[in-house]
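Structure assessment
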Amino acid sequence: TTPSGVFISRVTDDITVIDEKMAVALDIVSRKLFDLLQLILLGSLATYGIFGVVVVAVTAGAVALGRYYSRSSIELARSVAIARAPVQTRVMESV
């Protein structure tokens, strides 16, 4: 066996494993998503739409918090990088 043959064999095996696991994962995700949509629909019907309003409000709040966290995380990482390497940062800003 040649090194390129070993490499191609390894890549082929890895792709096969990924394809098999991806199909199972997508099946699970699609089933759970369908179950979630059923739950929201039935909850909304049972509570005359109040549940749907609550779900929309909670989802909007979660999205807003996620965006805030993402921005804060980026700013914090930038601040940490500046604190760790002030000379390098100063040089990069002046260039």
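Look up a bit, the structure's there.
Below, the structure is looked at part by part.

**With respect to the overall build of the protein chain**
When helices and strands are tallied, the protein chain shows three helices and zero strands. Along the chain direction, N to C, the helices and strands of the protein chain fall in the order α-α-α. Its C-alpha radius of gyration of 25 Å places the protein chain more than 25% over the 12 Å reference for a compact globule of 95 residues. Projected onto its principal axes, the C-alpha coordinates of the protein chain cover approximately 60 × 55 × 20 Å. The 95 residues of the protein chain split such that 4% are buried. For the protein chain, the exposed surface amounts to about 8500 Å²; the carbon and sulfur share of it is 71%. Distance from the positive charge centre (9 side chains) to the negative charge centre (8 side chains) of the protein chain: 12 Å.

**Overview of the environment of G61**
Looking at where G61 falls in the secondary structure, it is placed in helix 2 (residues 50–84). G61 gets classed as partly exposed once you look at its relative accessible area, which sits at 31%. Along the chain, G61 and S44 lie 17 residues apart, while their C-alpha atoms are 19 Å from each other.

**A closer look at the environment of F51**
Secondary-structure assignment places F51 in helix 2. Accessibility expressed as a relative area gives 30% for F51, which makes it partly exposed. As a C-alpha pair, F51 and I40 span eleven residues in sequence and 7.5 Å in three-dimensional space. Excluding residues within four positions of it along the chain, F51 makes contact with L39, I40, G43 and S44.

**A few points about unusual backbone geometry**
Phi at Y48 is positive, roughly 60 degrees, even though this residue is not glycine. For Y48, the location among the structural elements is in the loop between helix 1 (3–46) and helix 2.

**Side note on the pattern of salt bridges**
Using the criterion set out here, one finds three salt bridges in the structure. When the shortest N-O distance is used, the salt bridge between D27 and R31 registers 3.2 Å. Of this pair, D27 and R31 both sit in helix 1, four residues apart, roughly one helical turn. Residue classification places R31 among the exposed positions, given a relative accessible area of 53%. Between E75 and R78 there is a salt bridge; the shortest N-O distance is 3.0 Å. Taken as a pair, E75 and R78 lie in helix 2 at a separation of three residues, close to a single helical turn.

**Things to note about a nonpolar patch on the surface**
Among the surface-exposed residues, F7, I8, V11 and I15 lie close enough to one another that they form a single nonpolar patch of about 380 Å² accessible area. Relative to the elements of secondary structure, I8 occurs in helix 1.

The rules we used
- Residues numbered from 1 in each chain as written.
- Predicted model: local features only at pLDDT ≥ 70, side-chain atom pairs only at ≥ 80, totals over all residues.
- Heavy atoms only, no water.
- Helix = DSSP H or I, 4+ residues; strand = E, 2+ residues; numbered from the N terminus.
- Rg over C-alpha atoms; globule rule 2.2 N^0.38 Å.
- Buried < 20%, exposed > 50% of the residue type's maximum accessible area, 1.4 Å probe, protein only.
- Areas by Shrake-Rupley, 256 points an atom, 1.4 Å probe, with all protein chains shown as cover.
- Lys, Arg positive; Asp, Glu negative; His and termini not counted.
- Charge placed at Lys NZ, Arg CZ, Asp CG, Glu CD.
- Contact = heavy atoms within 4.5 Å.
- Salt bridge = Lys/Arg side-chain N within 4 Å of Asp/Glu carboxyl O.
- Patch = residues over 30% accessible without salt bridge, like charges linked within 9 Å, V, L, I, M, F, W, Y side chains within 5 Å.

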